[in-house]
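Examination of the molecular architecture
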2 protein chains.
Amino acid sequence: MRIVVVGGVAGGMSSAARARRLDENAEIVVLERGAHVSFANCGLPYFVGGEITDASKLLVQTPQSLRAALDLDVRTRSEVIAVDTAAKNVTVRAEDDVYELSYDALVLSPGASALRPPLRGLDSPRVRTLRTVEDALSLRDEVHDGARRAVVLGAGFIGIEAAEALAQQGLDVSVVELAPHPLPPLETELAWLVTEQLVELGITVRTGIAAASVERGEDADTVVLADGSRLEADIIVLSVGVRPDTAPFEAAGIACERGAIVVDAHGRTSAPGVWAAGDATVSVDAVTGIRRPVTLAGPANRAGRLIADDILRPDTARAVPQPVGTAIVRVGELTAALTGANRSSLDAAGVSHRTLHLHPNQHAGYFPGASQVHLVVQIRASDGLLLGAQAVGNEGVDKRIDVLATAIRAGMRVDDLIDLDLAYAPPYGQAKDAINLTGMVGENVMTGTLTLWYPEHLDNVRDSALILDVRTPAEYATGFVPGSLNIPHTELRDRLDEVRDAAAGRPVRVMCQSGVRSGIAHRVLAQSGFDSASLSGGMLTLQAWLGARQSDVLERPEVLARA
Amino acid sequence: MRIVVVGGVAGGMSSAARARRLDENAEIVVLERGAHVSFANCGLPYFVGGEITDASKLLVQTPQSLRAALDLDVRTRSEVIAVDTAAKNVTVRAEDDVYELSYDALVLSPGASALRPPLRGLDSPRVRTLRTVEDALSLRDEVHDGARRAVVLGAGFIGIEAAEALAQQGLDVSVVELAPHPLPPLETELAWLVTEQLVELGITVRTGIAAASVERGEDADTVVLADGSRLEADIIVLSVGVRPDTAPFEAAGIACERGAIVVDAHGRTSAPGVWAAGDATVSVDAVTGIRRPVTLAGPANRAGRLIADDILRPDTARAVPQPVGTAIVRVGELTAALTGANRSSLDAAGVSHRTLHLHPNQHAGYFPGASQVHLVVQIRASDGLLLGAQAVGNEGVDKRIDVLATAIRAGMRVDDLIDLDLAYAPPYGQAKDAINLTGMVGENVMTGTLTLWYPEHLDNVRDSALILDVRTPAEYATGFVPGSLNIPHTELRDRLDEVRDAAAGRPVRVMCQSGVRSGIAHRVLAQSGFDSASLSGGMLTLQAWLGARQSDVLERPEVLARA
């Protein structure tokens with residue numbers, strides 16, 4: 001049996017390695033268009049930034065090591081230019097040869113290339129991408145040769161990593177993003193924390209604006225934005241998205257959707273004997289049920305492995321899991337991570353949902369180094385099913401997102417999070433971990449014990465309700481919503497008459513710093529007959545929301561602050 | 001309605017706080033025997049060690065703050081000395097008063113005291129415990145007053161934390177543990193890593209031995225061990241276990257089991273109107289189904305909260321979850337954590353299980369700072385259900401254990417771990433995370449793709465099989481099993497005849513450094529007709545196993561090592 005694998009990185013190489021483990025006798029040929037296989041594509045930005053210093057570390061395996069360990073026939077610089085699914089063969093263009101190769105099973109894992117929008121001047125040699133080892137080496141050379149200014153087009157995960165890497169090398173870096181904020185899948189209020197961090201790293205962030213053209217210059221190019229502003233650049237990194245490299249496969253009649261190969265639950269394509277995995281495929285999202293491409297290394301690796309099972313053990317092979325879509329990025333001191341669906345994807349899928357905001361400490365508050373994990377969690381309105389979660393913070397973000405990704409995969413409801421026995425000692429968590437607290441808040445929301453209001457309701461709330469701020473006067477003085485009434489939560493029971501007078505029949509909308517004290521106050525008010533609700537995530541969330549909108553609605557009375 | 005809560009720390013205070021949020025009108029009285037409520041009991045060792053410097057940080061709440069925020073009537077130095085469950089009242093001994101207090105609902109969360117074994121001399125004033133703020137303050141004073149030598153009796157979680165804290169303060173510390181290794185619930189092969197770390201911290205570790213007596217001296221006491229050896233001590237910290245503080249409740253006829261209060265799925269005791277939570281209760285273990293005390297802060301806090309629900313909203317209250325028993329401890333540079341059942345508890349419960357050992361990196365190997373997470377995972381033999389997991393390592397241990405605790409709670413099987421979409425970027429994980437890899441190894445074991453052998457079989461294997469070590473010659477030279485054959489896995493396919501000759505009809509037992517390469521080699525051998533198995537966890541696990549047994553069976557041929 002001959003298994004031909006197209007693409008020698010994540011999905012393809014996982015498939016080839018697993019196939020060998022299952023079948024010592026199969027002939028396994030891996031065809032890789034580029035010069036390297038099994039390279040550390042996720043590590044490239046860190047090489048550019050100088051954290052990874054040895055380029056050889058980026059090459060996790062070589063054709064020689066794969067031959068020795070797994071008896072794989074790995075052919076680099078070998079591009080598949082045609083497939084005949086009826087005759088079961090592929091046409092390969094190697095460096096000085098074009099030949100046909102028949103297969104019994106064909107695994108397509110060609111990956112994707114950088115999307116090149118139709119932008120005038122984008123063919124300038126100063127425009128680079130960061131997809132291959134060669135890209136990284138060449139960017140690093142530019143840096144060492146004295147590049148001073150860089151413009152990164154696109155502030156997705158790779159764009160952010162590239163921008164930070166170049167800033168680490170001392171370049172003057174600007175990031176341009178068409179979406180309203182960096183890391184577009186992040187919720188607005190979390191993305192603002194990322195924006196602030198980028199600014200702290202010295203990076204200029206231009207969001208909500210398109211690049212109009214690249215003007216070539218003698219000493220530098222100029223990126224011209226839609227508003228006419230001009231950014232000079234020695235290096236321009238293009239990272240506005242990717243495009244599946246599927247032309248020969250689509251031409252062979254293999255079913256594709258917007259250029260990406262459609263696969264079934266076992267990674268099978270529309271052509272018998274042909275499987276596909278990775279960036280070039282579309283999968284059904286585990287949460288929304290919507291088909292979408294998932295360009296992540298983890299799912300690609302695992303799908304590749306499961307495809308080998310389906311080829312060699314079709315009767316017992318596990319299905320390729322529907323992706324939950326967990327992703328993470330380091331941004332300076334911060335970590336930003338997400339799993340499952342966000343508000344906009346749920347809205348697009350028509351799933352009625354509720355949003356929770358929490359800011360718990362990553363570990364015991366009394367233990368040195370405590371810092372907040374800023375959490376946004378989406379739950380299904382009907383039953384509290386966990387739909388998605390995002391987090392930003394200095395520490396403990398990856399852990400909480402991984403636990404939530406596991407809970408989502410398990411089909412847990414938000415109140416099931418109450419019951420999780422998570423590892424607690426002061427350096428690691430709290431007796432009620434951030435995850436448990438999420439469950440408790442979610443259960444309160446689902447049972448009506450807690451009613452929330454949100455930053456996006458601010459204008460309406462200011463018009464029609466009393467905003468009651470239950471922080472201390474000192475906290476209040478650092479910034480507050482104009483017109484709000486300040487009564488600390490510890491005095492509320494004794495001062496309900498003041499609330500009643502000020503509300504004058506209007507609803508009361510409570511807020512505090514993070515949502516904990518306003519939750520307590522809400523219970524007091526609700527049980528005293530008020531129409532009450534608590535601001536989800538409190539001032540921390542509100543400030544981020546307003547920051548993202550460049551709104552300065554908050555007041556800071558200096559007199560009070562000095563008092 | 002009057003709710004009386006006995007015990008003002010984890011479970012009791014959670015119950016009281018939740019009760020107030022649910023019912024603004026209830027009278028809620030908290031009776032605490034000690035001087036403080038809501039104190040950071042898990043933080044005490046870090047105060048002794050000097051990482052937490054401000055004693056006030058240990059007091060998370062005070063009676064005053066709880067009155068203000070939650071209208072709780074908190075009475076410290078108030079001990080419940082009797083309960084009349086028929087009349088529904090408790091007898092309270094306060095500082096200068098004894099009084100009766102009636103209740104509509106009674107919540108018992110009295111906690112536990114240090115177990116005091118019947119050891120001669122244990123009444124010496126130099127014998128301390130570390131359960132209260134006063135204990136911590138007094139230990140800290142001793143340290144500042146020039147104590148130089150400490151003996152810690154018991155190397156459980158708190159004993160280890162206390163030992164490290166005292167060593168951090170420059171004391172000469174010995175730990176004495178009756179069990180064969182520190183942290184008795186840890187598997188032997190992981191506990192050895194903890195032992196090595198303790199030694200690195202300068203702590204003397206005496207395991208598998210009992211303390212026989214404490215001899216009081218003028219300048220110092222002497223701890224005499226069962227073998228006659230003597231340890232001088234300015235401070236002796238007693239931490240050999242705890243005993244539930246339930247005497248008045250057991251006397252009141254509330255059903256107890258070995259001194260701990262028996263509760264049902266809603267935290268109800270045998271007496272109507274009486275609930276209990278925390279260290280003084282026994283619960284049904286979620287994995288083994290065996291009733292056992294779980295003296296952990298997390299479950300106590302969550303049970304307390306759910307009890308308030310059951311008191312005030314009995315129709316909709318969630319059940320108190322059966323504990324999975326997740327615990328974690330920092331030991332120097334290491335973290336050790338565990339969740340679910342271990343080998344001995346599974347054996348005791350009669351659950352047939354298989355054990356997996358893995359040593360994956362916590363993040364991408366090519367990213368700076370990569371280090372191994374040493375994992376031991378127990379799965380049910382019949383279907384691969386996850387039963388328990390333990391891990392030791394420098395980084396990323398808490399995350400993996402929390403994910404596994406979540407998976408265990410969700411009733412996942414080991415192969416479900418393959419499908420988890422965990423957050424991957426080079427600083428955080430690997431494209432195939434340690435958890436995914438556990439799933440893959442587990443699936444291989446369950447399907448028979450991988451057959452394992454274990455360190456405990458070493459003697460038998462040496463007698464009856466060929467041990468084939470597939471590491472490189474340089475690795476082999478650093479230490480190997482006498483009589484083993486060394487063929488690197490990359491040469492195995494070409495040298496099968498050598499294996500056949502050396503095996504001479506015997507089974508082949510393969511090993512490498514961590515179990516990955518021997519897994520590959522096993523597949524080659526198994527498919528070539530050999531009776532083959534791969535050493536679970538490889539040399540890393542074997543060395544730890546042998547280390548724990550003080551066995552020096554491994555050879556280190558200096559000639560080869562110099563080659």
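Residues numbered from 1 in each chain as written. Chains lettered and ligands numbered in written order. Predicted model: local features only at pLDDT ≥ 70, side-chain atom pairs only at ≥ 80, totals over all residues. Heavy atoms only, no water.

Convention followed: UniProt positions are given in the numbering used here, feature names are shortened, and annotations may be inferred rather than shown by experiment.
Labelled according to an unreviewed UniProt entry, chain A appears under the name Pyridine nucleotide-disulfide oxidoreductase, originating from Microbacterium aurum. Taken directly from UniProt, the Cofactor (unreviewed entry) text for chain A runs: "FAD". A UniProt comment under Sequence similarities (unreviewed entry) is attached to chain A, and it reads "Belongs to the class-III pyridine nucleotide-disulfide oxidoreductase family."

**Considerations on the overall build of chain A**
Our working definition: Working definition: helices are DSSP H or I runs of at least four residues, strands are E runs of at least two. Numbering for both runs from the N terminus. Both definitions apply: the radius of gyration is a C-alpha atom measure, and the globule rule equals 2.2 Å times residues to the power 0.38. Partly exposed residues are those whose accessible area sits between 20% and 50% of the maximum for their type, while under 20% is buried and over 50% is exposed, using a 1.4 Å probe and protein chains only. Residue contacts are defined here by distance: any two heavy atoms, one from each residue, within 4.5 Å place the two residues in contact. For the area figures, the Shrake-Rupley method with a 1.4 Å probe applies, and any residue is considered shielded solely by the protein chains shown. His residues and chain termini do not enter the charge count, which takes Lys and Arg as positive and Asp and Glu as negative. Each charge is placed at NZ for Lys, CZ for Arg, CG for Asp and CD for Glu.
Check the secondary structure of chain A and you find 17 helices and 32 strands. The C-alpha radius of gyration of chain A comes to 27 Å, within 12% of the 24 Å expected for a compact globule of 563 residues. Counting only C-alpha atoms, chain A reaches 85 × 60 × 40 Å along its principal axes. The buried share among the 563 residues of chain A stands at 61%. Put simply, of all contacts in chain A between residues at least 6 apart along the chain, 62% involve residues at least 24 apart. For chain A, the accessible surface area stands at approximately 20500 Å², while carbon and sulfur atoms represent 47% of it. Within chain A, the 71 negative side-chain charges are centred at a point lying 2 Å from the centre of the 52 positive side-chain charges.

**Focus on the relation of the copies chain B and chain A**
In plain terms, the rule: When the copies are overlaid, the least-squares fit takes in C-alpha atoms only where the residue has pLDDT of at least 70 in both copies.
Aligned on chain A, chain B shows an RMSD of 0.0 Å; the corresponding rotation is 180° and the shift along the axis is 0.0 Å. The superposition of one copy onto the other is thereby described by a two-fold rotation axis. The share of interface residues of chain B whose copies in chain A are also at the interface is 100%, consistent with both copies meeting through the same surface.

**Quick look at the packing of helix 1 (residues 10-22) of chain A against helix 15 (residues 516-527) of chain B**
To characterise two packed helices, one gives the angle between the axes of the helices and the distance between these axes. Put simply, the test is: Helix axes are fitted only over the stretch in contact, all axes being lines through C-alpha atoms; the angle between N-to-C directions runs from 0 to 180 degrees. Our angle categories are set so that under 35 degrees counts as roughly parallel, over 145 as roughly antiparallel, 65 to 115 as roughly perpendicular, and the remainder as oblique. Residues are sorted three ways: Asp, Glu, Lys and Arg are charged, Ala, Val, Leu, Ile, Met, Phe, Trp, Tyr, Cys and Pro are nonpolar, and all the rest, Gly among them, are polar.
Between helix 1 of chain A and helix 15 of chain B, whose axes approach to 8 Å, the crossing angle comes to 40°. The angle between the axes of helix 1 of chain A and helix 15 of chain B places the two elements in the oblique class. Listed contacts from helix 15 of chain B to A:R20, A:R21 and A:L22 of helix 1 of chain A are B:I520, B:R523 and B:Q527. Taken together, the residues of the contact of helix 1 of chain A with helix 15 of chain B break down into two nonpolar, one polar and three charged.

**Some details on the UniProt feature "domain: Rhodanese" (unreviewed entry) in chain A**
Residues annotated by UniProt as "domain: Rhodanese" (unreviewed entry) correspond here to residues 461-554 of chain A. For the annotated span residues 461-554 of chain A, helix accounts for 43% and strand for 15% of the residues, and the straight-line distance between the end C-alpha atoms is 14 Å.

**Some points on the nonpolar core**
Let me state the cut-off plainly: Nonpolar core, defined: a set of buried Ala, Val, Leu, Ile, Met, Phe, Trp, Tyr and Cys residues in which side-chain atoms within 4.5 Å join the residues together.
Residues A:L386 and B:L386 are the most contacted members of the largest nonpolar core, which totals 76 residues. For B:L386, the contacting residues outside a window of four places in its chain are B:V377, B:Q378, B:I379, B:A407, B:I408, B:M412, B:R413, B:V414 and B:L417.

**Digging into the packing of aromatic side chains**
The following threshold applies: When two rings of Phe, Tyr or Trp (its six-membered ring) have centres within 6.5 Å they constitute a pair, described as stacked for plane angles under 30 degrees, edge-to-face for angles over 60, and tilted for the intermediate range. For a lysine, the NZ atom is tested; for an arginine, the CZ atom; a charge sits over a ring if that atom is within 6 Å of the ring centre and within 35 degrees of the ring normal.
For the structure shown, the criterion picks out four aromatic pairs over all chains. Taken together, a centroid distance of 5.0 Å and an interplanar angle of 85° make the contact between A:Y46 and B:F367 edge-to-face. Note that A:Y46 is positioned in helix 2 (residues 44-49) and B:F367 in the loop between strand 25 (353-358) and strand 26 (373-380), a pairing that runs across two chains. You can call B:F367 buried: its relative accessible area is 7%. Seen from their ring centres, B:Y476 and B:F480 are 4.4 Å apart, and the 10° between their planes marks the pair as stacked. In this structure, B:Y476 and B:F480 share a single accessibility class: buried. Above the face of the A:W545 ring, A:R549 is positioned so that its terminal group lies 3.9 Å from the ring centre.

**A few points about the sheet that holds strand 10 (residues 149-153) of chain A**
Residue and element names in this part refer to chain A. Note the following rule: Paired strands, in this sense, are two strands between which DSSP finds at least two bridges.
Taken in spatial order, the five strands line up as 9-16-10-11-12 in an open sheet, and their pairing is parallel. Looking at which strands have only one partner, the edges of the open sheet turn out to be strand 9 (127-128) and strand 12 (204-207). For strand 11 (residues 172-177) and strand 12, the ladder comprises four bridges, and the chain directions are parallel. Among the inter-strand pairings, V176 is bridged to a residue of strand 12, identified as R206. Helix 4 (residues 133-144) contacts strand 9 and strand 16 (235-238) of the sheet and is inclined by roughly 155° relative to strand 16.

**So, the domain arrangement of chain A**
Quoted interface sizes are often the accessible area lost when the parts come together. Residues and elements named next belong to chain A. Here is the rule we go by: Throughout the structure description, domain borders are defined by an automatic or database domain assignment. Take the accessible area each of two parts loses on contact, using a 1.4 Å probe, and add the two losses: that sum is the buried area. By convention in these notes, a salt bridge is any Lys or Arg side-chain nitrogen within 4 Å of a carboxyl oxygen on Asp or Glu. Each polar contact in these results corresponds to two N or O atoms within 3.5 Å; when the atoms are within protein, one needs to be able to donate a hydrogen and the other to accept it, and residues that are neighboring in sequence are counted only if both atoms are side-chain atoms.
Taken domain by domain, chain A consists of domain 1 (2-112 + 243-312), domain 2 (127-240), domain 3 (333-446) and domain 4 (452-562). With centres defined by C-alpha atoms, the gap from domain 3 to domain 4 works out at 24 Å. Both faces considered, domain 3 and domain 4 share a buried interface measuring about 630 Å² in area, 59% of it formed by carbon and sulfur atoms. Considering only the surface of domain 3 that becomes buried against domain 4, R343, H357 and H359 emerge as the three largest contributors, covering 67% of it. One can count zero salt bridges joining domain 3 with domain 4. Our count for the domain 3 to domain 4 interface comes out at four residue pairs in polar contact (both at pLDDT 80 or more).

**Looking at the pairing of strand 6 (residues 97-102) of chain A**
Residues and elements named next belong to chain A. Sheet analysis places strand 5 (residues 89-94) next to strand 6, joined by six bridges and oriented antiparallel. Residue pairing for strand 6: A94 is matched across the bridge by D97. The antiparallel hairpin formed by strand 5 and strand 6 contains two residues in its connecting segment.

**Looking at the interface of chain B and chain A**
Listed by partner, the interface residues are 80 residues for chain B and 82 residues for chain A. The interface formed by chain B and chain A holds 19 salt bridges in total. For A:R318, the salt bridge identified is with B:D416, shortest N-O distance 3.4 Å. Every element with two or more residues in the side of chain B that touches chain A is listed here: helix 1 (10-22), helix 3 (63-70), helix 8 (297-312), strand 23 (327-331), strand 24 (334-340), helix 10 (397-409), helix 11 (434-447) and helix 15 of chain B.

**Things to note about the environment of A:D421**
By secondary structure assignment, the location of A:D421 is in the loop between helix 10 (397-409) and helix 11 (434-447). The exposure class assigned to A:D421 is buried, which follows from its relative accessible area of 4%. With sequence-adjacent residues up to four places away left out, A:D421 is seen in contact with B:P299, B:R302, B:P323, B:V324, B:G325, B:T326, B:A405 and B:R409. Side-chain polar atoms of A:D421 contact the backbone nitrogen of B:V324, separated by 2.7 Å.

**Some details on helix 3 (residues 63-70) of chain A**
Note the cut-off: Throughout, the arc means the angular range of directions from the helix axis out to the C-beta atoms.
The complete set of buried residues in helix 3 of chain A reads A:L66, A:A69 and A:L70. Taken around the axis of helix 3 of chain A, the buried residues stretch over an arc of 75°, which confines them to a single face. Packed against the buried residues of helix 3 of chain A are helix 1 and strand 3 (73-75) of chain A together with helix 15 of chain B.

**Quick notes on the side chain of A:R509**
Residues and elements named next belong to chain A. One can find R509 in strand 31 (residues 508-511). Classification of R509 by relative accessible area gives buried; the value is 16%. Within the structure, R509 has its side chain in polar contact with the side chain of D531 (distance 3.3 Å). Residues in contact with R509, not counting those within four places in the same chain, are W453, V461, A465, L466, I467, L468, D531, S532 and A533.

**Focus: the sheet that holds strand 14 (residues 221-225) of chain A**
Residues and elements named next belong to chain A. Taken in spatial order, the three strands make up an open sheet running 13-14-15, and their pairing is antiparallel. In this open sheet, the two strands that pair with only one neighbour each are strand 13 (211-215) and strand 15 (230-233). Direction aside, the axes of adjacent strands within the sheet are offset by 20° on average. In terms of strand pairing, strand 14 meets strand 15 through four bridges, oriented antiparallel. The residue of strand 15 that forms the bridge with V223 is L231.

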